[in-house]
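Observations on chain architecture
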Amino acid sequence: MKADIHPKYQPVVFQDISTDFSFLTRSTMTSKESIKWEDGKEYPLIKVEISSHSHPFFTGKQKIVDTAGRVDKFRRRYAK
């Protein structure tokens, strides 16, 4: 690998602002904000609007929005 061309890969904390859920992982993202984590160290803080903790697919609260019976029409057509 060439030296000094890759972004810095460091531990960061991602915080889901809709559920106030946070997790520590590694990323190349940077931030001016920081947060003190459970281990007592300070890490950059990246705020996200949605994560696996609040996304409907991962929480099981997914809804199918049916407009004009398209889902039922599809199921009738391909039901065998």
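Up top is the structure these notes are about.
Reference entry: report on the structure contained in this document. Keep in mind it's a predicted model, so treat the numbers as computed, not measured.

Pairing between side chains becomes possible if they bear opposite charge and their charged atoms approach one another. Considering all chains together, one arrives at one salt bridge under this definition. A salt bridge links K47 to E33, with the shortest nitrogen-to-oxygen separation between them at 3.6 Å. Pair noted here: K47 is in strand β4 (residues 42-48) and E33 is in the loop between β2 (21-27) and β3 (34-36), with a separation of 14 residues, a long-range link. Given a relative accessible area of 46%, K47 falls into the partly exposed group. Given the relative accessible area of 40%, E33 is considered partly exposed.

This next bit is on the sheet that holds strand β1 (residues 10-16). Taking strand neighbours across the sheet as the criterion, the four strands line up as β2-β1-β4-β3 in an open arrangement whose pairing is mixed. The sheet is open, and its two borders are formed by β2 and β3, each paired with just one other strand. Across the sheet, the axes of successive neighbouring strands diverge by a mean angle of 45°, strand direction being ignored. Bridge analysis of β1 against β2 gives seven bridges, and the strand direction is antiparallel. From the neighbouring strand, F14 faces β2, where its bridge partner is F23.

Not every positive phi belongs to a glycine, and D4 is a case in point at roughly 65°. Following the sequence through the fold, D4 ends up in the segment before β1.

The next subject is the packing of aromatic side chains. Evaluated as defined, the whole model comprises three aromatic pairs. Both rings, one in F74 and one in Y78, keep their centres 5.0 Å apart while their planes meet at 45°; by these two values the pair is tilted. Taken together, the positions of F74 and Y78, both in helix α2 (residues 70-78) and four residues apart, correspond to about one turn of that helix. Note on F74: relative accessible area 52%, which makes it exposed. Through successive ring pairs, a cluster of aromatic residues spans F14, F21 and F23.

What counts, and at which threshold
- Residues numbered from 1 in each chain as written.
- Predicted model: local features only at pLDDT ≥ 70, side-chain atom pairs only at ≥ 80, totals over all residues.
- Heavy atoms only, no water.
- Salt bridge = Lys/Arg side-chain N within 4 Å of Asp/Glu carboxyl O.
- Helix = DSSP H or I, 4+ residues; strand = E, 2+ residues; numbered from the N terminus.
- Buried < 20%, exposed > 50% of the residue type's maximum accessible area, 1.4 Å probe, protein only.
- Pairing = 2+ DSSP bridges.
- Axes fitted to C-alpha atoms, helices over the stretch in contact; angles between N-to-C directions.
- Phe/Tyr/Trp six-rings, centres within 6.5 Å; stacked < 30°, edge-to-face > 60°.

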